[in-house]
Amino acid sequence: MSDPRPLIGLSGRRKKGNQIVDNLDTLAHLDIDLYYTDYARAVLSAGGLPVHLPLDVAPDEIAEHLDGILLSGGADIGPERYGTDPETDLYPPEAERDDFELALLGEAVARELPTLGICRGLQLINVHAGGTLHQHVPEHAGFDQPPTHHLHEVAIEPDSALGALYGERRPVNSLHHQTVDVVGADLRVTARSDDGTVEGIEHVKLPVLAVQWHPEMLATASTDPVFEWLVDAASAR
């Protein structure tokens, strides 16, 4: 019998029924957990099995059953999580998700679970490690472009995990309005855009890797090597 596919926990957002188009009015008050299916498809294509993580599950209990974690994109992280006041109210934080994912990441670090952060996921990894964020950098938002659009390029450190996956330069999309400011403890910046913005980080000791762009939404997502990195690292545990 072949080895089973590794289980990759996939985080998401929580919305109310009345925030979903065409939902029944009678279901308006009910909670809906969701994420863009591109994340799960990319994990499947890389050989893993995506496991949806509802915000109600205990992080320590679910982490015991997982082989890896994918921290997806989404809302801003509450600025109080990195010791400052809000500078904009454009994209309100989601405190319940912050609580869950910070605790989940704590379990992943303690258990040395391979972890991939995407967009918000990168920012969460940085904040969890004691880093801070620039709260509003509109020139990186790119919200008026299709998700497959290459908005700019990133330069990647050759002696890094990202360098081994992508080479020294890579065109990327851009769907974020916040960026890393102070880098957290034991994290190394391994990719930057030409204006110096942090686009990729790696933990210096643990199998933790994160990118600021959205590889799951690019045209090459089905074969993007960052998902293969996650699944391979999870399989090797």
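Here goes a summary of the coordinates provided. These numbers come from a predicted model, not from an experiment.

1. Section: the pairing of strand β13 (residues 208–211)
On β13, burial covers both faces: Val 208 and Ala 210 on one face and Leu 209 and Val 211 on the other are all buried. Where strand β6 (residues 115–118) meets β13, four bridges bridge the pair, whose relative direction is parallel. Along β13, the bridge assignment pairs Gly 117 with Ala 210. Pairing of strand β12 (residues 198–203) with β13 involves three bridges; the strand directions are antiparallel. Across the sheet, the residue bridging to Gly 200 is Val 211, located in β13. Hairpin connection from β12 to β13: four residues lie between these consecutive antiparallel strands.

2. Points about empty space enclosed by the protein
A probe as big as a water molecule, rolled over the atoms, marks out the empty space that is left. Tallied over the entire structure, the rule returns one cavity of 30 Å³ or more. If you go around the largest cavity, the residues you meet are Gly 142, Gln 145, Pro 146, Pro 147, His 149, Leu 151, Asn 173, Ser 174 and Leu 175. Looking at the lining of the largest cavity residue by residue, the class counts come to four nonpolar, five polar and no charged.

3. Focus on the nonpolar core
Counting residues in each nonpolar core, the largest one holds 28 residues, and the members touching the most others are Ile 69, Leu 71, Leu 104, Ile 125 and Ile 201. Every element with two or more residues in this core is listed here: α2 (59–63), β5 (68–71), α3 (95–111), α4 (120–128), β11 (187–193), β12 and β13. Ranked by residue count, the leading element in this core is α3, at five residues. Apart from residues no more than four positions distant in its own chain, Leu 71 is found in contact with Ser 11, Glu 101, Leu 104, Leu 105, Thr 115, Leu 116, Gly 117, Ile 118, Gly 121, Leu 124 and Ile 125. Ile 156, Tyr 166, Ala 191 and Ala 234 belong to the second largest nonpolar core, which has 27 residues in total.

4. A word on the side chain of Thr 197
Considering the arrangement of structural elements, one finds Thr 197 in the loop between β11 and β12. Here the side chain of Thr 197 touches Asp 195 through a polar contact of 2.9 Å, side chain to side chain. Apart from the residues lying within four places of it in its own chain, the contact partners of Thr 197 are His 140, Thr 179, Ala 191 and Arg 192.

Conventions and cut-offs
Residues numbered from 1 in each chain as written. Predicted model: local features only at pLDDT ≥ 70, side-chain atom pairs only at ≥ 80, totals over all residues. Heavy atoms only, no water. Buried < 20%, exposed > 50% of the residue type's maximum accessible area, 1.4 Å probe, protein only. Helix = DSSP H or I, 4+ residues; strand = E, 2+ residues; numbered from the N terminus. Pairing = 2+ DSSP bridges. 1 Å grid on protein atoms, 1.4 Å probe; cavity = no way out; pocket = protein on both sides within 12 Å on 5 of 7 lines; lining within 4 Å. Points joined across faces, edges and corners; volume = space filled by probe spheres on them. Nonpolar A, V, L, I, M, F, W, Y, C, P; charged D, E, K, R; others polar. Core = buried A, V, L, I, M, F, W, Y, C linked by side-chain atoms within 4.5 Å. Contact = heavy atoms within 4.5 Å. Polar contact = N/O pair within 3.5 Å; in protein donor to acceptor, adjacent residues only side chain to side chain.

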